[in-house]
Amino acid sequence: AHVVTANCYDCKYTDCCVVCPVECFYQDEMMLYIDPQDCIDCEACVPECPVEAIYAEGNVPAQWQSYIQLNAEKAAALKAAGNAHITEKQEPKEGPECKKK
Ligand code: SF4
Ligand code: F3S
């Protein structure tokens, strides 16, 4: 599966979820998560993110390994709680902790 990592935190540009063919992006207040049960590894989302937050599971940088499990847990919980996947671009959050380069 693909994984949303730290750079998404407080940014939420949402360019990624627009291009996903299987609608596997979920969100909370701070970032987005990919549901690994549904991701088909098409890679379409990777170049869309302006802060390079998305990696294939096998390429997640060492310091962000915990995001693999975090995506799985958060996506499953958000889905179970009845939250809809996101498929449309939202106004970016771009909060103070967003580290846009
Ligand atoms: Fe969706 Fe493809 Fe990105 Fe997986 S790799 S989250 S299927 S756009
Ligand atoms: Fe986050 Fe990048 Fe998508 S900032 S919302 S992973 S486009």
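Residues numbered from 1 in each chain as written. Chains lettered and ligands numbered in written order. Predicted model: local features only at pLDDT ≥ 70, side-chain atom pairs only at ≥ 80, totals over all residues.

The protein chain goes by Ferredoxin in an unreviewed UniProt entry, where it is assigned to Thermogemmata fonticola. Per UniProt, the comment on the protein chain under Function (unreviewed entry) is "Ferredoxins are iron-sulfur proteins that transfer electrons in a wide variety of metabolic reactions." (UniProt positions renumbered as here; feature names shortened; annotations may be inferred.)

Surrounding ligand 2, one finds 14 residues, the nearest of these being Cys-8, Tyr-13, Cys-16, Cys-49 and Ala-53. Grouping the constituent residues of the shell around ligand 2 by class yields 10 nonpolar, 1 polar and 3 charged. (Near = placed C-beta within 6 Å. Nonpolar A, V, L, I, M, F, W, Y, C, P; charged D, E, K, R; others polar.)

Quick look at the site of ligand 1 now. Lining the immediate environment of ligand 1, one finds 13 residues, of which His-2, Cys-20, Cys-39, Cys-42 and Cys-45 sit closest. Classifying every residue of the shell around ligand 1 gives 10 nonpolar, 1 polar and 2 charged.

The next thing to look at is the nonpolar core. Ranked by size, the top nonpolar core spans 22 residues in total, and within it Val-4, Cys-16, Phe-25, Leu-32, Tyr-33, Ile-34 and Ile-54 carry the most contacts. Listing elements by their share of this core, those giving two or more residues are β1 (2-4), α1 (15-19), β2 (25-27), β3 (32-34) and α2 (66-80). Take this core: its biggest share by element is 3 residues, from β3. For Tyr-33, the contacting residues outside a window of four places in its chain are Val-4, Tyr-26, Asn-71, Lys-74 and Ala-75. (Core = buried A, V, L, I, M, F, W, Y, C linked by C-beta atoms within 7 Å. Buried ≥ 20, exposed ≤ 12 C-beta atoms within 10 Å, placed from the backbone. Helix = DSSP H or I, 4+ residues; strand = E, 2+ residues; numbered from the N terminus. Contact = placed C-beta atoms within 7 Å.)

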